Amino acid sequence: MTTKQQGESSYHIGTQGEAWGSEEKQQWLREQKVQRSYQDDVLSELDACKNDFDVVQYGELPYSQFGFQDYPLFAVKTRDWQNGKPTVLVTGGVHGYETSGVHGALRFLQTQARHYTDAFNVLVVPCISPWGYETINRWNPSANDPNRSFVRSSAPNQVGEAAQLQSYLDKLAADIVMHIDLHETTDSDNSEFRPALAARDGTVNTNWNIPDGFYLVGDSENPQPAFQKSILDSVQKVTHVAEADDDGKLIGEPLAQFGVINYNGKKYGLCMGLTNANYVSTTEVYPDSANATPEECILAQVAAVVGGLNYVEAHL
């Protein structure tokens, strides 16, 4: 079942069919307001991790220039880190508004991560986009989507959320065997973010059907169906997996297997394409479902990471 049907939706900024210039982007930025606290919700939680893990600042976003604050960026890593040991990476909050991605990463650290430190170096980046978290936003202040910005080129990456994490991982030079990126698909994708994207780019928006339930996005270049199934089997102990729509699709993409669609992560600059890990998946929960609570969404994110880790550990 799906909750939203396809349809066109316009946006209140810009002229239809014309991409935004600096004036429209400034208008958009002026409308963004802080609605919750990165310090209270995320950084305070990291303090509790310091008994078992190293909490490392890997960068800072200089957003006081936009009238907000500068945001320190943190990763949490195994205290007894061993070079050459297989490393597993969990990322959350690349889209800051996707709440359970951030809190799922934190909850994994607090409840499950230490159980896997014998087999792996564990590395968790719980909130890649803290400005997006505070303003409940998909983009950064420059109206760039961090989850389309994990690209490699000769030119410097101007999207700090992506560039600073890339730089940190390059210096770490870890053998990353698994990467799970925690996301949500929300009703606001259709009511706000997709219309805004079309307006920004001067294109026509057509909303997608929002799946009612959990699903995964695998790597089309290396889909690993058994790995994806292990994640879904774990998640189904917590919440329901989304059924395909009447066209056999999820968010407009054909189903690769039950509960899974595939994208080319590296081609589209997705966070899931950040590393060369053999096992890669992006989670998607639906927090607006009448059949799931916010707590269940967080637990589903944790279950997804655990399902992936159990599979990889068994197949090292």
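In what follows, the structure referred to is the one given above.
Anyway, here's the lowdown on the structure attached to this text. Quick caveat: nothing in here was measured; it's all calculated off a predicted structure. (Residues numbered from 1 in each chain as written. Predicted model: local features only at pLDDT ≥ 70, side-chain atom pairs only at ≥ 80, totals over all residues. Heavy atoms only, no water.)

Before going further, it helps to spend a moment on the pattern of salt bridges. Using the criterion set out here, one finds eight salt bridges in the structure. The shortest N-O distance in the salt bridge between Asp-54 and Arg-79 comes to 3.0 Å. Within this pair, whereas Asp-54 is found in strand E1 (residues 53-62), its partner Arg-79 is found in the loop between strand E2 (70-78) and strand E3 (86-92), the two being separated by 25 residues in sequence. The class for Asp-54 is partly exposed, based on a relative accessible area of 27%. Its salt-bridge partner being Lys-229, residue Asp-233 comes within 2.9 Å of it at the nearest N-O pair. With Asp-233 and Lys-229 both in helix H7 (residues 225-235), this residue pair falls four residues apart, about one helical turn. Overall, Asp-233 belongs to the partly exposed group, its relative accessible area being 36%. Residues joined by salt bridges that share partners form a network here, namely Glu-98, Arg-138 and Asp-145. (Salt bridge = Lys/Arg side-chain N within 4 Å of Asp/Glu carboxyl O. Helix = DSSP H or I, 4+ residues; strand = E, 2+ residues; numbered from the N terminus. Buried < 20%, exposed > 50% of the residue type's maximum accessible area, 1.4 Å probe, protein only.)

Adjacent strands of a sheet form backbone hydrogen bonds with each other and so pair up, either parallel or antiparallel. In space, the eight strands of this open sheet follow the order E1-E2-E4-E3-E5-E10-E6-E9, with mixed pairing throughout. In the strand order of this sheet, the two ends are held by E1 and strand E9 (260-263), each with one partner. Neighbouring strand axes in the sheet, compared pairwise and without regard to direction, differ in orientation by 20 degrees on average. Relative to the sheet, helix H3 (residues 99-111) contacts E1, E2, E3, strand E4 (121-125), strand E5 (175-184) and strand E10 (279-285), its axis offset from that of E5 by approximately 135 degrees. (Pairing = 2+ DSSP bridges. Axes fitted to C-alpha atoms, helices over the stretch in contact; angles between N-to-C directions. Contact = heavy atoms within 4.5 Å.)

Quick look at the packing of aromatic side chains now. Taken as a whole and judged by the stated rule, the model has 13 aromatic pairs. Aromatic pair Phe-68 and Trp-131: ring centres 5.4 Å apart, planes at 90 degrees, arrangement edge-to-face. Here Phe-68, found in the loop between E1 and E2, pairs with Trp-131, found in helix H4 (residues 130-135); they are 63 residues apart in sequence, far enough to count as distant. A residue is classified by how much of its surface remains accessible, and Phe-68, at 22% relative accessible area, is partly exposed. Each member of the aromatic cluster is reached from another via a ring pair, and the members are Tyr-11, Trp-20, Trp-28, Phe-68, Trp-131 and Trp-139. The ring centre of Trp-139 lies 4.9 Å from the NZ or CZ of Arg-200, which sits over that ring. (Phe/Tyr/Trp six-rings, centres within 6.5 Å; stacked < 30°, edge-to-face > 60°. Lys NZ or Arg CZ within 6 Å of the ring centre and 35° of its normal.)

Moving on to unusual backbone geometry. Phi is positive for Ala-143, which is not a glycine, with a value near 65 degrees. Following the sequence through the fold, Ala-143 ends up in the loop between H4 and helix H5 (160-172). Judged by relative accessible area, which is 1%, Ala-143 ranks as buried. Phi is positive for Gln-224, which is not a glycine, with a value near 50 degrees. Along the chain, Gln-224 falls in the loop between strand E6 (215-219) and H7. Accessibility expressed as a relative area gives 18% for Gln-224, which makes it buried.

Here we take up the packing of H3 against helix H8 (residues 294-314). Axes are the key here: two packed helices are described by the angle between their axes and the distance separating the axes. Remark: H3 packs on H8, axes separated minimally by 8 Å, with the N-to-C direction vectors making an angle of 60 degrees. When the interaxial angle is binned, H3 and H8 end up oblique. As H3 packs across H8, the resulting crossing turns out to be right-handed. Between H3 and H8, the contacting residues are Ser-100, Gly-101, His-103, Gly-104, Arg-107, Phe-108 and Thr-111 on the first element and Glu-295, Cys-297, Ile-298, Leu-299, Gln-301, Val-302, Val-305 and Leu-309 on the second. Here the residues of the contact of H3 with H8 are counted per class, giving seven nonpolar, six polar and two charged. (Parallel < 35°, antiparallel > 145°, perpendicular 65-115°, else oblique. Left-handed = near helix turned anticlockwise from the far one by under 90°. Nonpolar A, V, L, I, M, F, W, Y, C, P; charged D, E, K, R; others polar.)

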